[in-house]
There are 2 protein chains.
Amino acid sequence: MTANLRQVAERAGVSVRTVSNVVSGFPLVAPQTRERVQRVLDEMGYRPNAAARHLRGGRSGLVALVIPEIASPYFGELAGHLADEAEKRGWTLLVQQTGGDARRERELLDGVRGQAVDGLVMSPWALCPTDLRRRPDAAPLVLLGEQDADGLLDHVVIDNVAAARELTRHLIETGRTRIAAIGLQPHLTNGTAARRLTGYRQALAEAGLPHDPALEIPVAQLHRADGAAAMRGLLAAGIDADAVFCFSDQLALGALHVATGHGLRVPADLAVAGFDDVEDGRYANPSLTTVSPDKPAIARAALDCLAERLAPGTGPAPARHIVAHHLEIRGSTAG
Amino acid sequence: MTANLRQVAERAGVSVRTVSNVVSGFPLVAPQTRERVQRVLDEMGYRPNAAARHLRGGRSGLVALVIPEIASPYFGELAGHLADEAEKRGWTLLVQQTGGDARRERELLDGVRGQAVDGLVMSPWALCPTDLRRRPDAAPLVLLGEQDADGLLDHVVIDNVAAARELTRHLIETGRTRIAAIGLQPHLTNGTAARRLTGYRQALAEAGLPHDPALEIPVAQLHRADGAAAMRGLLAAGIDADAVFCFSDQLALGALHVATGHGLRVPADLAVAGFDDVEDGRYANPSLTTVSPDKPAIARAALDCLAERLAPGTGPAPARHIVAHHLEIRGSTAG
DNA sequence: GTGAAAGCGCTAACAT
DNA sequence: ATGTTAGCGCTTTCAC
């Protein structure tokens, strides 16, 4: 076992109290005592025991990231930023996967194992705001993505309506008129897809383009396979789209793969655009036009939010935190 | 605060001991008592306090994944499998990023914040086996990737030499004779790239093909950008390769992007192959031939290894755990 | 400026 | 089969 306070105290000939003071930087210690204690501390390679601190003080230094799956590129990139930001604040990030399953989301919210975390950053798919709020004296929670829970829960988002409208407008400006939208998720409580659809429809309406329900394609998940399936469906149905706007880069990469395999030239015959700006998109052939959310800012906003809730006092009311985004125009729409 | 054992005991009219027995499933409790206590437990929504358990028993239920970056698709997919496997064993996975930096690797090994974990799964880039072994009474450690540390440290690997040889042989069998290898990393302590190079050279030698140092390209990192840069260098130097074997899918996707952008037809003019079988590769245009390591098996092997070290007794000597792989032949080499 | 000691919630050794 | 209690390592209140 590693040395504890009592052992250090004995060796340094002082009390546990004094050693604790030195370790925690408490000011009222004689400089000479401090120095001697510090030397013993170093000699013995003292490390504060996290469990004891946690038991005593109530803080574990752990923040949980609760997401459908870490293997998804978007969540992977986000997790990277969150881990970095957490580190800066003296926290450590822990990952819990839900697979988008309601029971698992509930379990993790209630803290089956997460009980020992100081806060949660969660991207819910199956639980609605009402469910999410039902958690007696639990750790602070901040949500990622649209939730229709303004004022009830903290959540970090980009302006999905505006972003989808901008991207659709870009497609229209480059001459496309038959623009499909792939990625509706009517089965999810998470309102992100719905907002993107709204932005898409707004841009069409603004341009005076007709709105064709046959061009709005739902998907089961946001994986490449789902985008591929949607594209195959579009082609099989003989629907003559000249652009597809996918609600995630993964969907777009799947669609791009199928379109190219079908002999379509992108972007000449068909423009393809995505959402998220994950690294895969940049190196696709052709590289993918997409909406780029400011991911480091999302990570910062989420952790700032938790930090505020953990600070003494109740902090501000739960809010919708909007983070910047920009359009990243690349070869798949503007070759 | 949530209810504790004492409060439950009072309400149920028994001692803490009995409640503890019920919670932990200790057999010697009268069925009738057990039932009554369980009811109170449920009523009060009792949750064991992780910090107290940890302080008392020494187990935190946490396993740290220490890797260069979680945003990399390979590590993302692996993290997903590790999180699932950890969950099955009652562990929670925590992520620590090193950026491949030696000081940071050292820090995390010594447990700056990781001190409270039951074990570490690490992919070292900067520290050598000697450094890795220098850690007094720390948590069990299992390494991912080649380490030249047989018998000294537990590590989980695939047979990189064989895998690289098989892939190179496949390229030769499809008629390629000028095969470049992209991904040498002479600056890393991690011997993975070196073994893949060995396998590549063996296959060339077996086929009686000359070995050309100009075709062996080192890279700084394993990102798509590095693969792209290497491919650009190859083209700029006017080197007439008919295939490139990249030591990661990320490198291959970068190379593919540049080759295609240069007007090369893949695989007709140039075959491109990768390593890792990450999902991006499957949906690339054309889809990427690659070596597919059994990632779920890697996750299982790593955690089995930690579990053995944590079990009472010292367990078997540190060993090299070899996991299966197979060749995944796709359009980028065999269109 | 420093020491003594209580107590966070749990497990397990020791009693009965 | 169940009750009592020491003690894990730390922080902090209360004394001096």
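Residues numbered from 1 in each chain as written. Chains lettered and ligands numbered in written order. Predicted model: local features only at pLDDT ≥ 70, side-chain atom pairs only at ≥ 80, totals over all residues. Heavy atoms only, no water.

This part is about the overall build of chain A. When its secondary structure is counted, chain A shows 14 helices and 12 strands. Here the C-alpha radius of gyration of chain A, 25 Å, is well above what a compact globule of 335 residues would show, namely 20 Å. Considered along the principal axes of its C-alpha atoms, chain A spans approximately 85 × 40 × 30 Å. Counting only residues that meet the buried cut, chain A has 54% of its 335 residues in that class. Long-range pairs, those at least 24 residues apart, make up 71% of the contacts in chain A with a sequence separation of at least 6. When the accessible area of chain A is evaluated, it comes to approximately 13900 Å², of which 52% is carbon and sulfur surface. Once the 35 positive and 39 negative side-chain charges of chain A are each reduced to a mean point, those two points are 7 Å apart. (Helix = DSSP H or I, 4+ residues; strand = E, 2+ residues; numbered from the N terminus. Rg over C-alpha atoms; globule rule 2.2 N^0.38 Å. Buried < 20%, exposed > 50% of the residue type's maximum accessible area, 1.4 Å probe, protein only. Contact = heavy atoms within 4.5 Å. Areas by Shrake-Rupley, 256 points an atom, 1.4 Å probe, with all protein chains shown as cover. Lys, Arg positive; Asp, Glu negative; His and termini not counted. Charge placed at Lys NZ, Arg CZ, Asp CG, Glu CD.)

The next thing to look at is the UniProt feature "domain: HTH lacI-type" (unreviewed entry) in chain A. If you check UniProt for "domain: HTH lacI-type" (unreviewed entry), the listed places come out as residues 3-57 of chain A in our numbering. Note that residues 3-57 of chain A is 69% helix and 0% strand, and that its end C-alpha atoms are spaced 20 Å apart. (UniProt positions renumbered as here; feature names shortened; annotations may be inferred.)

Turning our eyes to something else, we now look at the domain arrangement of chain A. Put simply, an interface is often sized by how much accessible area is lost when its parts join up. Here the domain parsing of chain A yields domain 1 (5-48), domain 2 (60-158 + 295-323) and domain 3 (160-293 + 327-334). The C-alpha centroid of domain 2 of chain A is placed 37 Å from the C-alpha centroid of domain 1 of chain A. (Domains from an automatic or database assignment.)

Near DNA strand D, the surroundings consist of 24 residues, among which Tyr46 and Arg56 of chain A together with Ser15, Arg17 and Thr33 of chain B are the closest. Counting only the atoms of DNA strand D that lie within 4 Å of the protein, the sugar and phosphate share comes to 59%. Within the side chain of Thr18 of chain B, an N or O atom sits 2.7 Å from a phosphate oxygen of DNA strand D. Between Thr33 of chain B and DNA strand D, the recorded distance is 2.5 Å, taken from a side-chain N or O atom to a phosphate oxygen. Taken together, the elements giving at least two residues each to the surface near DNA strand D come down to α2 (16-23) and α4 (50-57) of chain A together with α2 (16-23) and α4 (50-57) of chain B. Looking at side-chain class alone, the surface near DNA strand D contains 11 nonpolar, seven polar and six charged residues. (Near = heavy atom within 4 Å. Polar contact = N/O pair within 3.5 Å; in protein donor to acceptor, adjacent residues only side chain to side chain. Nonpolar A, V, L, I, M, F, W, Y, C, P; charged D, E, K, R; others polar.)

Once that is clear, we can look at the sheet that holds strand β8 (residues 243-246) of chain B. Residues and elements named next belong to chain B. The strand order across the open sheet formed by four strands is β7-β6-β8-β9, and the pairing between neighbours is parallel. Each of the sheet's edge strands pairs with one partner strand only, and the pair in question is β7 (216-218) and β9 (271-273). Strand-to-strand twist across the sheet, computed as the mean angle between neighbouring axes with direction ignored, equals 15°. Direction of pairing for strand β6 (residues 179-184) relative to β8: parallel, over a ladder of four bridges. Opposite Ala181, over in β8, you have Phe245 as the bridge partner. On the sheet, helix α8 (residues 160-173) packs against β6, β8 and β9 and is oriented at approximately 165° with respect to β8. Relative to the sheet, helix α9 (residues 192-206) contacts β6, β7 and β8, its axis offset from that of β6 by approximately 165°. (Pairing = 2+ DSSP bridges. Axes fitted to C-alpha atoms, helices over the stretch in contact; angles between N-to-C directions.)

As a further point, take the environment of His81 of chain B. Residue and element names in this part refer to chain B. By the element assignment, His81 lies in helix α5 (residues 73-88). Relative accessible area serves as the criterion here: at 27%, His81 is assigned to the partly exposed category. The spacing of His81 and Ala299 is 218 residues in sequence and 5.9 Å in space, taken between C-alpha atoms. For His81, the contacting residues outside a window of four places in its chain are Lys295, Pro296 and Ala299.

Residues and elements named next belong to chain A. Look at helix α10 (residues 224-236): 18 Å from first C-alpha to last across 13 residues, which is about the 18 Å you get at 1.5 Å a residue. For α10, every residue scored as buried is listed here: Arg224, Asp226, Gly227, Ala228, Ala230, Met231 and Leu234. Immediately beyond the C-terminal end of α10, within one or two residues, lies Gly238, with a positive phi of roughly 70°. (Expected span 1.5 Å × (residues − 1).)

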